[in-house]
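One-letter residues, chain by chain:
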Amino acid sequence: MKNFGGPVLFLDRNDINTDEIIPARYLTEITKEDLKPYLLEDLSLTGFDPKGAVTGSARVIVTRANFGCGSSREHAPWVLEVNGINVVIAESFARIFRQNMFNCGLAAIELPKETVDALFLYAGYPDVTIEVNIEAQTISVNGGGKGELFPVTVSPFDKALLLAGGWVDFADKKY
């Protein structure tokens, strides 16, 4: 089974849109791999460096509400995938972006604002990791010598997509 989790990139802003995730000027690239260097290139967030070490090592993004809003395109989850990011945790997601994440075998985890706020308390630590256990439906966060466990709800269908590796693998196994 695929592991969901790893080092965390905290993006403390609502309404991060698909043009900030992958700028539209790169949508003519031929492969997913060609998108890789442009992840979050146009994201405007104080202190954020899209080419920084934290961005390059991140496997999880923790952010605020309405992540993935704007233009609907598969390129946004693809650029996350090709950069090794397999989980985005937010208060809410744009509907099409959320489903594209699950279709690609990536976890789009919605949590209440209070839980996201609790995760952001770890943002000041350099060694924060989050692991998502899809089977047990839990999230564990560790950093700064402390840790916590939170429940998460993933629908049975979305869970099946994640466990299969995405829509194509799911369809291959089912049909």
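Thresholds applied
- Residues numbered from 1 in each chain as written.
- Predicted model: local features only at pLDDT ≥ 70, side-chain atom pairs only at ≥ 80, totals over all residues.
- Heavy atoms only, no water.
- Helix = DSSP H or I, 4+ residues; strand = E, 2+ residues; numbered from the N terminus.
- Rg over C-alpha atoms; globule rule 2.2 N^0.38 Å.
- Buried < 20%, exposed > 50% of the residue type's maximum accessible area, 1.4 Å probe, protein only.
- Contact = heavy atoms within 4.5 Å.
- Areas by Shrake-Rupley, 256 points an atom, 1.4 Å probe, with all protein chains shown as cover.
- Lys, Arg positive; Asp, Glu negative; His and termini not counted.
- Charge placed at Lys NZ, Arg CZ, Asp CG, Glu CD.
- Salt bridge = Lys/Arg side-chain N within 4 Å of Asp/Glu carboxyl O.
- Core = buried A, V, L, I, M, F, W, Y, C linked by side-chain atoms within 4.5 Å.

Let us now look at the overall build of the protein chain. What the protein chain contains, in helices and strands, is eight helices and seven strands. A compact globule built from 175 residues should have a C-alpha radius of gyration of about 16 Å, and the protein chain, at 15 Å, falls within 12% of that. Expressed as a percentage of its 175 residues, the buried residues of the protein chain come to 47%. Across the protein chain, the fraction of contacts at a sequence separation of at least 24, relative to all contacts at a separation of at least 6, is 64%. Of the roughly 8300 Å² of accessible surface on the protein chain, a fraction of 52% belongs to carbon and sulfur atoms. Within the protein chain, the 23 negative side-chain charges are centred at a point lying 3 Å from the centre of the 16 positive side-chain charges.

One pass over the full model with this rule turns up eleven salt bridges. Of the charged contacts in the structure, one is a salt bridge between Arg 64 and Asp 12, with a shortest N-O distance of 2.7 Å. Remark: Asp 12 occurs in the loop between β1 (4–11) and α1 (18–21) and Arg 64 occurs in the loop between β2 (60–63) and α4 (75–82); sequence separation between them is 52 residues. On the accessibility criterion, Asp 12 (46% relative accessible area) is partly exposed. Between Lys 32 and Glu 81 there is a salt bridge; the shortest N-O distance is 3.1 Å. Note that Lys 32 is positioned in helix α2 (residues 32–35) and Glu 81 in helix α4, a separation of 49 residues in sequence. Its relative accessible area of 30% is what places Glu 81 among the partly exposed residues. One salt-bridge network, in which partners are shared between bridges, spans Asp 12, Arg 64, Glu 91, Lys 113 and Asp 117.

Before going further, it helps to spend a moment on the nonpolar core. Among the nonpolar cores identified, the biggest contains 57 residues, and Ile 21, Val 62, Leu 80, Ile 89, Phe 97, Ile 109 and Ile 130 are the most heavily contacted of them. The element best represented in this core is β1, accounting for five residues. The contact partners of Ile 21, leaving out residues within four places of it in the chain, are Ile 16, Tyr 38, Leu 39, Leu 40, Phe 67, Gly 68, Ala 76, Val 79, Leu 80 and Phe 97.

Read these as geometric descriptors, not functional statements.
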